[in-house]
Every structure is written in structure tokens, then in C-alpha cells.
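One letter stands for each residue in the lines below.
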Amino acid sequence: MSQENRLHALDAARAFALLLGIVLHATMSFFFFVPAQDPSQSTTLAVTFYVIHVFRMGLFFLLAGFFAHMVLHRRGTREFLKGRAKRILVPMIVGWVLIAPPTIYIVIVGLTKTFGEQAAASGAATMPQGFPLTHLWFLYYLCIFYVLALGVRAAFVRFVDPNGVVRSRIDTVVRLSLASYLAPLVLAAPLFAVLYKDAAWMMWFGLPTPDIGFTPKLPALAGFGTAFVLGWLLHRQVEVLEVFRRQCFVNLAVAIGLTSLCLSLVGLKPNMMGLTTLDGPAWSRAAYAGAYTVSIWYWVFGLTGAALRFFNKPSPGRRYIADSSYWLYLAHLPVVFGLQVLLLDLPWHWSLKFPFIVVTTLAILLVSYHYLVRPTFIGGILNGRKYPRRSRRTGSDTAPAPSASVLALHDTKPAVLENVTRRFGKTVALDDVTLTVEPGEMLAVLGPNGAGKSTAISLWLGLLEPDEGSVRVMGASPLEVTSRLEVGVMMQDVNLAPDLKVREHIAQTASYYAHPLNVDEALAISGTTPLAGKRYGKLSGGQKRQVQFAVAICGAPKLLFLDEPTVGLDIEAREAMWRAIAKLMAEGCSIVLTTHYLEEAEALADRVAVLAKGKLVATGSVEDMRSLVTRRRISCRSGVDIDEIRGWPGVVEALRDAGNVKVTAFDAESIVRRLLVADPALSHLEVRQASLAEAFTELTKEAA
Amino acid sequence: MSTHTHVSANASTSASMNASMIRRLVTKDLYLYRWFIVGATLAGLASLFVSGLHGMTGLILFMTTIVALGIFIAMYGILVERKEKTLLFVLSLPVTPLQYATAKVFAALIAFLVPVLVLAAAALSYNVAFDPPLNGEIPFTVVTLGLFLANFCFLVALLLVSGAEFWAVAGVVLTNLTVPLFMNVVVGLPGIREYIQGPVAVWSPTIFAILGTEATVAVLSLGIAFYVQSRRTDFI
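Residues numbered from 1 in each chain as written. Chains lettered and ligands numbered in written order. Predicted model: local features only at pLDDT ≥ 70, side-chain atom pairs only at ≥ 80, totals over all residues.

(A) Structural view of the overall build of chain A. Per the secondary structure count, chain A includes 25 helices and 13 strands. Per-residue burial for chain A yields a buried fraction of 45% across its 704 residues. In chain A, the proportion of contacts linking residues at least 24 apart, taken out of those at least 6 apart, comes to 75%. (Helix = DSSP H or I, 4+ residues; strand = E, 2+ residues; numbered from the N terminus. Buried ≥ 20, exposed ≤ 12 C-beta atoms within 10 Å, placed from the backbone. Contact = placed C-beta atoms within 7 Å.)

This is how it looks when you write it as C-alpha cells:
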């Protein structure tokens, strides 16, 4: 899996953790008294709260550590600090000023409605005292972890491990322990020790939320700090994430098992009269603390693995939700609590109230995000960029124009394979191949059958994904449709619907593109005007290829893939197609040509790439290709001893064949001079320049 | 709080582009299916006419028409496209695999449902001609049509996912086997058998349970097909 895909998955997991927070808080009034106790109580929602609370913040802090290390390494300490101040510190302080007061007010109203004014006031007096960090406590702890991480890292690098040996060993330990399924046992140990010893631990509520007071709480430091550090270390060796992906089902199964065990010990709902004790034998407290703390890690690993397995593709919808999740989480609490208090007196069942609260909250916050956050400076702070407001569409309902990213990349290479490896089972079809197509050039990709030509084309077309390396078309992934709006394709082994007429095919295909040629123009360029009214299925093989060419160019492509375009064409049709191709090139179209007709490549291509057995064996102009072999072929009639010639520097091979001396050498001119000196009677001298075909044969033979 | 390592298209542009592209693909497929639609509608109407002369023969012809329509659309639109290697051409266009699958499913559903709904309306009108009308049969007819729809969705999903002739044949056999089983078992179920001969259409819980099951099969089949298609990375 590529680094980019991993980041999509982890971004989705982080958004999942944040959005679950909204669900978590929306359950509270249905089994607990904060912000108010709803008359319709629910064990289902209590269990929902319990399960979400087990893993949610652990998952979040693991990913926070991962991304913190990534940003630090990409941008350096100074930019890291600036970025964190902007995206964490500022929202935290602004949130405390703007979000905390209404939230606290709503809680007071809710408690008063539930218990009456006096009881609420006396209850408030017994609550822990300190600054109300509210749900923004996680930003405060992030700031603590950032500062600690930078300090420890600086000290570690400077004084403890200047050569990186210790870090390398730590990486090895992390890698091996994560691969063993047993890492959760070790990672749970600090939190287990803290919670087990804490007599005031309210067991049903798991890891206590440190939302009151600036003094850091030990359980939070132990639990979330461990997650943060592990995330930090994971980014040092991102390939380890593959273990999570592979083990996700096992980890989730173990997590569900352990959480079920915990619930069986502690009860499905909190027992408000005995939150710090468990019914049952003395060991049950240790068993519960152990199972709870270990389950956190199995959940975190399982969910991270599930994200890597199922959300590893770019998706505009998911991207939007991931971007919005931060705002949604920051702003949700007064909305959720407000709705809970508002619905308190309604005689609805919780199964109606709860989804109503979640859906209404999400709707309000998504609308506010879309119009007030995403395109404004707030979006700039929270998302790191402002997204422009959508402009009103003015054009007709045709295919949309390519994205700005694609247009901006016209200056870059139209097609790139970078260090691409692709396997089919044990067969390596492409082995670390790097190929680029420059703007306006024709690259001929040559190679014998099985060399990897079709695999290369298929990768560029997004029909295959590389095992390693990256593929770009018009500056973007070939899986992005916007990048393919400027690409035309004529594949070797395809067919078009036989029942459609040629004109219908071209019109249909042209409609997929933003700025297509008109149908008559495409017919004329491809020389298929006489075929326009015929059904595709009735055409000859050569005519079908011509129509496929017309279909490939009808989108007015900036990049054209031609896979064996002239197979089956008669000489006249072939030359017509060559002329059309030359015209397209003159208009700035880049072309990738694969062909077995080497004279075709020789006549048309600016550059040639020779593939053999999945490897790129040579690349350069046609002249470059020839020059790789032309220095080697000398033929003459001479009496010079063949063994003597073999000993000359620069000679690769020398043999006598029916009275002729045939020499293959690197430096033809000096060998000829030596031959003439050694044998003034030498005759029938011939120094032959190889054709591209000979060069090709030589190159591919060498690779074999 | 998000990483911006990937240049993604604007979401709203993507959505409109998506809809526009799917519409074009659906239009193309419907154009290719046009003779199936017309032919099945005419054949179904003819079978209704025959049922007036000979009830059972007409009924069998009517059902055969709908079953055959489903098989033709699924086989022609999906399997033949793969076999004749037109799929690769479609995927080389600026079309995502998911757009392709969505368009295939929509086009197939429209091509299937249009004749079926026309024929159902015709059968209902035909029923009015009876005195008294056989209204008790209406719920059973609806769940039978629901079976055909569920079978069709299953077949389309199977072909989208597998694209293989073996699975196509297996799917056709399996879905066809469900028809006689359904006819024999469902007619005898409580909530159906006591009302089927009656003059009033009774929409009993049994009817809704069967409709729910059929809808679940249809939605689940297509959902799985979409999911698999959206995650495919190799199309060769």
C-alpha cells in the first residue's frame, strides 16, 4: 500500500474517532444525568457509550502521535510549532471562550430540570473543582504531548542516542512486538498500574476523562501518552502499519471479547451507588482493569487496521467528512446538550430522540461548516487551507472541465511511471521501471512479447495498480477521472459495441469529454468518413482499428495511448494513420506508442524505451538506440589472425565466416585503423550502422 | 486536522460530473437494450392475450417473458460486454469502475422495470375485465414480480462481480429454480392462501414479510456488487 493511501486511511480513522464523540455525547442523557436525565432511559445507549469510550481517544491519540511525527519531519520544528499553535492552541483558547460558557449553562439548566434547583446546586458543590476544560481537554493534552515529545526527542538525539542506534533498536522492538499480537499486553501495563491502584477509580467509566483543571491527570498521561508515543514511533516505520491491516479481524474479535467480559463484570449500565467497586471476588477488580486496559489496544489496532483495509482509497466524500470532522467535534457539545435538554419534556422514546439529536446536530454543524467554516479563515485554521466557494455553473450540461490541479499540471510531464514494480503471482511484469513522457513528444515503448509493454499501458490507464512505485497521468493518479478527461486510448485487444454505427460510437465517446472534436472532424482526421453510417460489427479488422483510432482522438486528447495502432491496416490506411498521428503531435499532443513495427517507431517516435523481461533496458532517441550497437559491426576480407583481433582493446567478438572477418567492437573507427595497418590488402570493408530493429534485437537479447 | 497529501477534485464538481457521466452511460446502455424492451413488452402483452384464451398457457408465457428479459439484459449488457472485450474500452474512457457499475445497474433496472411495470399495469387492467375482478391475486402477483426483481438484481450483481460464464449459468439456474419453489411454497403460506381466491386484495403481514425479504436480497446483492466493484484495482 502506498504512503498516500495509508494517509487516506488514517485520516478516515481520525475523523471516525472525532465523529464518534458526537454519538457518545448524544447517548449521555439516556443513561446518565449529564447534561440532564431523560425520562426514557436506555441500556443499549449505555452500552454504546461504554464501547465507544473504551477506544475512541486511544485511537485519536495514536493517530495524533503519528501525524505529529510526520509533520515534524516534513516541515521541521519551527513550522511544526507554528502549525500546532494555529491548529490546536488557537481553537482550544477560542473554544474555551466561545463554546465552554454556553455548554456549562446548558448543563446547569439540564441538571436543574432533572433534579430541581436546590439539588442541582448542592450537587454542583460536590463536583471536582478546577478550570472546565470541557470536551476541549484533548487539545490541552495534545499541547502537553507536543511539548514533551519535542523536549524528550531533542534530549534523546543530543545526549542519549546521537548515532541513532538506540532508536533503531526501539524500532525493532516496536516492530517485533506489534507483529506478535501480544503488544497490547505490554502497552496496557502503565494504565493498568495507574487505574488498579486508584481506589477512587469509577470503573464503569473506564479511563477517566480529564476535563477539569490544568493539572495533568496521571491516568490520561499514562493511557493517552502511551498511545501518542506509539503513534510517534509508528511513523518512523510506516510499513509496520501493514501488520494492523493484516491482523485487523483478529484484533477486533479479541477486542469485542474483552469488552464483553468487562461488561459482564461491571454491568451494562453504571451503578451510581457503587461506581468504584465491583460485585464478586477480589480478583475481579484486577481482571476488569486488565481486560479493560488491554481491550483499548486491541480496539485501537483493530480499527486502525480496518481503516487501512477498507478506507485506503481517495474519496472526495470521505475527504470532505474528514475535513469537517474537526469543526464538527469542536462545536458539537452545546448543540448536542442543548437538544438533549430541549427534548427532555417530550414523551418520545429514546429510539426517536437519540437519532433525532445525532442527525439534527450533524445537519446544523455540516451546514455551518460548509458555509461559515470551509471557505473562510476558520477553515484556513482548522483544515490548513480555505476551500473556495463553489461558483455558479454557467456552461451547458456537458462533461465538466478538468480540475485546476490537472490544468496546473500541463506544464509537467503528461505520463510518469516512477520506480514501478508490478507482479502477477510470481511473475514480475515490470521491475522497478521509470518511464516519463515529455509534453508534445512521442515515446515508443518497444519490447518482445511479455516484456511488460501492455502492463505499463494498463498502469497508466488505471486498469492495474502498481505493487510498488507511483503512476501519474496528467499530473494526477490515473484513477482520477479528471486526469483521464485529457487522455485518449486506442487499446490493442478491445472491441466496441457491434450494434452501434461508427458515427454513434464517436458521438457517444465524445460526450464523455470536456472539449471534444465534433464527430465529422474526428471522422475526417481518422479517415473513417466513408464508414460513418456502418455498424461497427460489420466492419473488417482494419476498418475496426481505424474506428478505434477515431474514438481515441475524438476527445481531443492531450495525451494519447496507441497500442499497436496499425496492426491489420493496409499500407494506405497505415500511412493515413501516420499522417494523422503526426498532425496530433504537431498540435502538442503527447503520444505513447507501443508497436511491433519498428519502422513505425523509427518514423514517428522522438524517443524510444526498450523493455525486456519487465526491465527498462534502454531509453533515448532512435539515434541513441542505434548508437548503442552501431559501433560494433565491421565486416571485411582479411588474412589477419582472428585470435589477434580478439585481443585488441574494444573488441567484443571476432569470428571468421566463409573468408570474411566479422568483428563486433565498441570503437569501430580505431579497430578499422588497426585492421588496415595489420593488413594493407584488406578488402570489402563494411562498417554497418544498425537499424533500430537490429538495435532492438541486440538490446533485448542482452537483457535475456 | 487533515493531511493534504492528495490533490482531490472538488467534491461538488465530482458529484455533478459523476451524475452526468452515469447518465450518459445509462443512455448508451438503454439504447443498446431498446429492442429487448420493446420485444419483451410486446411478448408480454401477447401472453396476456393468450391467457384470456387459455389461462395457464398465458400465465406461463407471461412469466417466461419476464424471466427471459432479465436473463437477456444481464447476459447481453454485462457478460457479453466482457466477453467481446468492450469492457476494457469503456474503462479506458474517463469513467471510474464505480460509475461503470452504477450505470450498468441503473440501465439494467430501467430496462427490466419498464416492461415489467407496463405489463403489470396491463395485467391489472385486464383483471378489471373479470366479473368479479380477481383482486385477491394482486398481492400474490406483486410478490411474484418482487421475486423476479430480486432474482434479476442477484443475477446482475453476480455477473458484475464475477463476469464469468460459469457463474452466469449457475446464477440463471439458481434463480430459475426459485420460481417453481416460490410458486408452490408461497401460495400455501398463511396470510396468502386464504385470500388469494377472494375478491379483495389483502395485504397481510406475510406479503410484507416476503416483499421485505425480496427487497433485502435485491439491495444486498447490488450493495455487495457495488462494494466489490469500488474496491477492484485490476480490470485485466
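(B) Local environment of the overall build of chain B. Helix and strand counts for chain B come out as seven helices and zero strands. Taken from N to C terminus, the helices and strands of chain B fall in the order α-α-α-α-α-α-α. A buried classification covers 36% of the 236 residues belonging to chain B. Pairs at least 24 residues apart make up 76% of the contacts formed inside chain B by residues separated by at least 6 positions.

(C) Up close: helix α10 (residues 283-310) of chain A. Here α10 of chain A is 28 residues long and its end C-alpha atoms lie 39 Å apart, about the 40 Å a rise of 1.5 Å per residue gives. In terms of burial, α10 of chain A is a largely internal element, 21 of the 28 residues being buried. (Expected span 1.5 Å × (residues − 1).)

(D) A look at the sheet that holds strand β2 (residues 427-437) of chain A. Residues and elements named next belong to chain A. Here we have three strands laid out as an open sheet, ordered β2-β1-β4, and antiparallel in their pairing. Every interior strand has two partners, whereas the edge strands, β2 and β4 (468-473), have only one. The sheet shows a mean angle of 25° between the axes of neighbouring strands, direction not considered. As paired strands, strand β1 (residues 415-424) and β4 are joined by five bridges and run antiparallel to one another. Note that in β4 the partner of Val-416 across the bridge is Arg-472. Where helix α15 (residues 453-460) meets the sheet, its contacts fall on β1, β2 and β4, and the angle it forms with β1 comes to roughly 120°. (Pairing = 2+ DSSP bridges. Axes fitted to C-alpha atoms, helices over the stretch in contact; angles between N-to-C directions.)

(E) Fine view of the pairing of β1 of chain A. Residue and element names in this part refer to chain A. Relative to β2, β1 runs antiparallel, the two being bridged by seven bridges. When the sheet's bridge partners are listed, Arg-423 is paired in β2 with Val-428. Joining the antiparallel neighbours β1 and β2 is a turn of two residues, in which Gly-425 adopts a positive phi near 65°.

(F) Examining the nonpolar core more closely. The biggest cluster of nonpolar side chains holds 128 residues, and the ones touching the most others in it are Ala-522 and Ile-553 of chain A together with Val-156 of chain B. Here the element with the most residues in this core is helix α5 (residues 137-162) of chain B; it accounts for 15 residues. Core analysis: the next-biggest nonpolar cluster, separate from the first, contains 124 residues, Ala-15, Leu-63, Leu-133 and Ala-289 of chain A among them. (Core = buried A, V, L, I, M, F, W, Y, C linked by C-beta atoms within 7 Å.)

(G) Up close: the sheet that holds strand β13 (residues 683-687) of chain A. Residue and element names in this part refer to chain A. The four strands lie next to each other as β11-β12-β10-β13, forming an open sheet whose pairing is antiparallel. Pairing within the sheet leaves two strands with one partner each, and these edge strands are β11 (651-657) and β13. Each neighbouring strand pair of the sheet contributes to a mean axis angle of 15°, computed without reference to strand direction. Here six bridges tie β11 to strand β12 (residues 660-665), and the two strands are oriented antiparallel to one another. Each residue of the ladder has a partner; that of Val-651, found in β12, is Ala-665. Sheet contacts for helix α24 (residues 668-678): β10 (634-637), β11, β12 and β13; angle to β10, the most-contacted strand, approximately 10°.

(H) Spotlight on the packing of helix α2 (residues 43-98) of chain A against α10 of chain A. Residue and element names in this part refer to chain A. Contact geometry of α2 with α10 gives a least axis separation of 9 Å together with a crossing angle of 60°. Taken together, the axis directions place α2 and α10 in an arrangement best described as oblique. For the crossing formed where α2 meets α10, the hand is right-handed. Residues Val-54, Phe-55, Gly-58, Leu-59 and Leu-62 of α2 lie in contact with α10, whose contacting residues are Ser-295, Ile-296, Trp-299, Val-300, Leu-303 and Thr-304. Of the residues assigned to the contact of α2 with α10, the class counts are eight nonpolar, three polar and no charged. (Parallel < 35°, antiparallel > 145°, perpendicular 65-115°, else oblique. Left-handed = near helix turned anticlockwise from the far one by under 90°. Nonpolar A, V, L, I, M, F, W, Y, C, P; charged D, E, K, R; others polar.)

(I) Main features of the environment of Leu-584 of chain A. Residue and element names in this part refer to chain A. Assignment of secondary structure puts Leu-584 in helix α20 (residues 571-586). Judged by the 22 C-beta atoms lying within 10 Å of it, Leu-584 falls in the buried class. In this structure the C-alpha to C-alpha distance between Leu-584 and Ile-525, which are 59 residues apart in sequence, comes to 9.5 Å. Leu-584 has contacts with Ile-553, Leu-560, Cys-589 and Ile-591, leaving out every residue within four places of it along the chain.

(J) Spotlight on helix α7 (residues 183-197) of chain A. All names here are of chain A. The terminal C-alpha atoms of α7 lie 22 Å apart, and with 15 residues this matches the ideal 21 Å at 1.5 Å per residue to within 8%. Of all the bends in α7, the largest measures some 45° and sits at Ala-189, one to four residues before the proline Pro-190. Three or more residues of α7 are buried, namely Pro-184, Leu-187, Ala-188, Leu-191, Phe-192, Val-194 and Leu-195. Looking at the buried positions of α7, the neighbouring elements they touch are α8 (218-235) and α10. (Bend = angle between axes of the 7 residues up to and from the residue.)

(K) Main features of the confidence of the model for chain A. In the predicted model, chain A carries a mean pLDDT of 85, and 91% of its residues have values of at least 70. Confidence over residues 390-411 of chain A falls short of pLDDT 50; this stretch has 35 contacts with residues more than four positions distant or in other chains. (pLDDT = per-residue confidence, 0-100.)

(L) Representation of the environment of Tyr-140 of chain A. All names here are of chain A. Mapping Tyr-140 onto the fold places it in helix α5 (residues 137-160). Sequence spacing of Tyr-140 and Pro-210 is 70 residues, and the spatial spacing of their C-alpha atoms is 9.9 Å. If near-sequence neighbours (up to four positions away) are discounted, Tyr-140 is found in contact with Met-92 and Leu-133.

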